[in-house]
Amino acid sequence: MGLETAFGNSFFTSRIDSAINWARKYSFFQYPFVTACCGMEFMSVFASSYDIARFGAEFPRFSPRQADVLFVVGTVNEKLAPVLRRVYEQMAEPKWVVSFGVCATSGGFYDNYATVQGIDKIIPVDIYIPGCPPRPQAILDALTKLQEKVDKETVLKYKNRGENERN
Amino acid sequence: MSAIEKLKSNFPQSIIAIGNSAGQDYVLIKSEDLKKIALFLKNELGFEFLMDLTCVDYKGYPGREEKHRFEMAYQFYSFNNKERVRLKVPVEESSPSVASLASLWLSADWYEREVYDMYGIHFSGHPDLRRILMYEEFQGHPLRKDYPLKGRQPRIPERK
Ligand code: SF4
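Worth saying up front: this structure is predicted, and the values here are computed from it rather than measured.

1. Looking at the sheet that holds strand 4 (residues 70-78) of chain B
All names here are of chain B. With mixed pairing, the five strands of this open sheet are ordered in space as 1-2-5-4-3. Each having just a single partner strand, strand 1 (15-21) and strand 3 (49-57) make up the two edges of the open sheet. On average, each strand axis in the sheet is tilted by 20 degrees relative to the strand beside it, whichever way the strands run. As paired elements, strand 3 and strand 4 share eight bridges and run antiparallel to each other. The residue bridging Thr 54 from the neighbouring strand is Ala 73, located in strand 4. Here helix 3 (residues 108-119) sits on the sheet and contacts strand 3 and strand 4; the angle it forms with strand 3, its principal contact strand, is near 5 degrees.

Now the structure itself:
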């Protein structure tokens, strides 16, 4: 990055960290990669009774280049795997991935010829949500967990990072 | 006179067996006469709707000859007579091929592509016989009984 990383791990960066992390964790732009039935529960979180807007993450971006969080919602099969990988690679840093439901997390009960056994075989994942499908409360819980995780990050993490180091 | 009886009197040479499965009458016919009988069903008996078309792999099934490993099943419906009929066609393992019905019922087009994708049955006369569900690079036919249950073929290298 720029000036802030030049000083290394010091008072200056830790102040910057807390300001930047505060801004990041309350303004997730998400990319919904919705492939299957889990999508219904995912949509309900946007509606008024659960209202994901309370956590500042209500804004879907249908271009990966403008998104911060990739929500992989539903079954991912081998045919789709290169597409998911490409969407992930198009997202700009910093980026996080949430695996939504057992299908995305481990393949679920689809242990067959067609289904990827967990999207972490293709892209790195930050938060896993169990359930088939997960209840909306679990989604909000995952979102707050992701916020806690983002809060612990430092801008130094992204210093001089190559494209493939994260993978 | 039901459709089955009409088939019986018109094509006595083509019929191998007639039966009833869970309340549905079916006719097992010789595969070379499929097109002829299908045409008769459509034009003479008014079966204007091909509801479904699928295949069964009987590999290792007790009491079946290994030679006729596959069996096609066609389910027809007539709106005017409110009648259903099922055609079954044995397909040999050595040359898994039957006539395509896509020129008679448009719905057969994608069904046949699916059966080709999943079982590797060839439909002679099909306008565009490509895989419909799996990807082009996929090797083999996943619903065949001898395809490994977890025979995944990743398109991109997996992470550790
Ligand atoms: S986890 Fe369950 S609800 Fe979600 S996509 Fe899989 S089968 Fe559907």
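There's plenty left to go through after this.
2. Some details on the site of the ligand
In the vicinity of the ligand, the contacting residues are Ala36(A), Cys37(A), Cys38(A), Gly74(A), Thr75(A), Val102(A), Cys103(A), Phe109(A), Gly131(A), Cys132(A) and Pro133(A). Here the shell around the ligand is composed, by residue class, of eight nonpolar, three polar and no charged.

3. Observations regarding the pairing of strand 1 (residues 29-34) of chain A
Residues and elements named next belong to chain A. Summarising the sheet, strand 1 and strand 2 (residues 59-60) pair through two bridges and their orientation is parallel. Paired with Gln 30 across the strands is Pro 60, a residue of strand 2. Each parallel crossover has a hand, and for strand 1 linked through helix 3 (residues 38-44) to strand 2 it is right-handed. Bridge count between strand 1 and strand 3 (residues 69-73): five bridges; the pairing is parallel. Its bridge partner lying in strand 3, Gln 30 is registered against Val 69.

Thresholds applied
- Residues numbered from 1 in each chain as written.
- Chains lettered and ligands numbered in written order.
- Predicted model: local features only at pLDDT ≥ 70, side-chain atom pairs only at ≥ 80, totals over all residues.
- Heavy atoms only, no water.
- Pairing = 2+ DSSP bridges.
- Helix = DSSP H or I, 4+ residues; strand = E, 2+ residues; numbered from the N terminus.
- Axes fitted to C-alpha atoms, helices over the stretch in contact; angles between N-to-C directions.
- Contact = heavy atoms within 4.5 Å.
- Near = heavy atom within 4 Å.
- Nonpolar A, V, L, I, M, F, W, Y, C, P; charged D, E, K, R; others polar.
- Right-handed = clockwise from strand over helix to strand, strands pointing away.

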